[in-house]
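Descriptive structure summary
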Number of protein chains: 2
Amino acid sequence: MDKKKLAKLEAAGWKTGSAQDFLQLSDEEAAFVESKVALAQALKAFRVEQDLSQAEAAHLLRSSQSRVGKMEAADQTVTVDLILRSLFKLGATRKDVADALRPRRIAKAH
Amino acid sequence: MDKKKLAKLEAAGWKTGSAQDFLQLSDEEAAFVESKVALAQALKAFRVEQDLSQAEAAHLLRSSQSRVGKMEAADQTVTVDLILRSLFKLGATRKDVADALRPRRIAKAH
DNA sequence: TGCGCGTATGTCAGATCTGACATAGAATCA
DNA sequence: TGATTCTATGTCAGATCTGACATACGCGCA
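Now for a quick tour of the structure. (Residues numbered from 1 in each chain as written. Chains lettered and ligands numbered in written order. Predicted model: local features only at pLDDT ≥ 70, side-chain atom pairs only at ≥ 80, totals over all residues. Heavy atoms only, no water.)

Here we come to the overall build of chain A. For chain A, the count of helices and strands is six helices and zero strands. Each helix and strand of chain A, placed in order from N terminus to C terminus, yields the pattern α-α-α-α-α-α. Relative to its 110 residues, chain A shows a buried fraction of 43%. Look at the contacts in chain A between residues 6 or more apart in sequence, and 54% of them connect residues 24 or more apart. Counting only carbon and sulfur atoms, one obtains 52% of the accessible surface of chain A, whose full area is about 6,400 Å². (Helix = DSSP H or I, 4+ residues; strand = E, 2+ residues; numbered from the N terminus. Buried < 20%, exposed > 50% of the residue type's maximum accessible area, 1.4 Å probe, protein only. Contact = heavy atoms within 4.5 Å. Areas by Shrake-Rupley, 256 points an atom, 1.4 Å probe, with all protein chains shown as cover.)

The next thing to look at is the protein's contact with DNA strand D. Taken together, the neighbourhood of DNA strand D is formed by 17 residues, with Gln-54 and Ser-66 of chain A together with Ser-66, Arg-67 and Thr-79 of chain B sitting nearest. Counting only atoms of DNA strand D within 4 Å of the protein, the sugar-phosphate share comes to 46%. Between DNA strand D and Lys-70 of chain A there is a distance of 3.0 Å, counted from a base oxygen to a side-chain nitrogen or oxygen. Within the backbone of Thr-77 of chain B, an N or O atom sits 3.0 Å from a phosphate oxygen of DNA strand D. Of all the secondary-structure elements, those providing two or more residues to the surface near DNA strand D are helix H4 (65–72) of chain A together with helix H4 (65–72) of chain B. For the surface near DNA strand D, the per-class residue count stands at two nonpolar, 10 polar and five charged. (Near = heavy atom within 4 Å. Polar contact = N/O pair within 3.5 Å; in protein donor to acceptor, adjacent residues only side chain to side chain. Nonpolar A, V, L, I, M, F, W, Y, C, P; charged D, E, K, R; others polar.)

Running from N to C, helix H6 (residues 94–101) of chain A and helix H6 (residues 94–101) of chain B point in directions that differ by 175°, and their axes come no closer than 8 Å. By the angle class used here, H6 of chain A and H6 of chain B are roughly antiparallel. Residues Arg-94, Val-97, Ala-98, Ala-100 and Leu-101 of chain A of H6 of chain A form the contact with H6 of chain B, whose participating residues are Arg-94, Val-97, Ala-98, Ala-100 and Leu-101 of chain B. (Axes fitted to C-alpha atoms, helices over the stretch in contact; angles between N-to-C directions. Parallel < 35°, antiparallel > 145°, perpendicular 65-115°, else oblique.)

For the rest of this paragraph, the subject is the interface of chain B and chain A. If you look at the interface, chain B gives 23 residues, while chain A gives 23 residues. Across the interface of chain B and chain A, roughly 2,300 Å² is buried in total on both sides, 61% from carbon and sulfur atoms. For the pair chain B and chain A, the interface holds six salt bridges. Linking Glu-34 of chain A and Arg-94 of chain B is a salt bridge whose minimum nitrogen-to-oxygen distance equals 3.5 Å. For the pair chain B and chain A, the interface holds 11 residue pairs in polar contact (both at pLDDT 80 or more). Every element with two or more residues in the side of chain B that touches chain A is listed here: helix H2 (27–49), helix H5 (80–89) and H6 of chain B. (Buried area = accessible area lost by both parts, 1.4 Å probe. Salt bridge = Lys/Arg side-chain N within 4 Å of Asp/Glu carboxyl O.)

Under the definition given, this model contains 10 salt bridges over all chains. Residues Arg-47 of chain A and Glu-72 of chain A are paired through a salt bridge, measuring 2.5 Å at the closest nitrogen-oxygen approach. Highlighted residues: Arg-47 of chain A in helix H2 (residues 27–49) and Glu-72 of chain A in helix H4, separated in sequence by 25 residues. A relative accessible area of 9% places Arg-47 of chain A in the buried class. Across the pair Arg-102 of chain B and Asp-99 of chain A runs a salt bridge, and its minimum N-O distance is 2.1 Å.

Have a look at this one:
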């Protein structure tokens, strides 16, 4: 499995635990990727909340549909800077961002 | 005044309100810069807490003293990605990062 | 004063990211 | 089925960032 696919898997709903379970990822890299994915998901949530397509959001962000898609997928070729700026442009507040980053409790195994 | 100096001013203790008071900065740019400055300050706090010089921290981060200095100054040539990764490498958790980002209440004018 | 230590800042070659484009996949509708 | 809409993904030229280096600044100490 390719390390580069991690973000995609995570975003696709592979929330069974954390990134490290699949790959040998250092603690700090895992924390970074998880943070990025959390922000990417928040971005998608903000966009969907406002009933925008990726193309429409791209117009607002002065970017392109493909880049918005990559942001939401937490693609390797996208920086946290871009995701953060986009969140704020879509109306997110610092509190929203902080909340998105705060680690969520994992559901206890039954 | 140069827009590029903003982060530096902020980091240097110009906390009298927000960035927008000085410059015409869009809401979203202001939020972004303030977030970056907050992370930069957190990074410095983590380093100082561990009694490290910028050069020592740079060694741990596999970077250079000058870049660490720029990170802490929230310099324009430094990305949030780099600051975030550095925070995690110095032992910060996602919660630490979320807390650093959460906007602090401004002290009420007497 | 000069020395040592830590920090700040300008510069640059090589690395990485960005918007844009092209194209493919998936879902809905008639 | 084809048409439409939305999303996913590969590529690339130009823009931006990175580590490293050089150098300057500030401060305490002998």
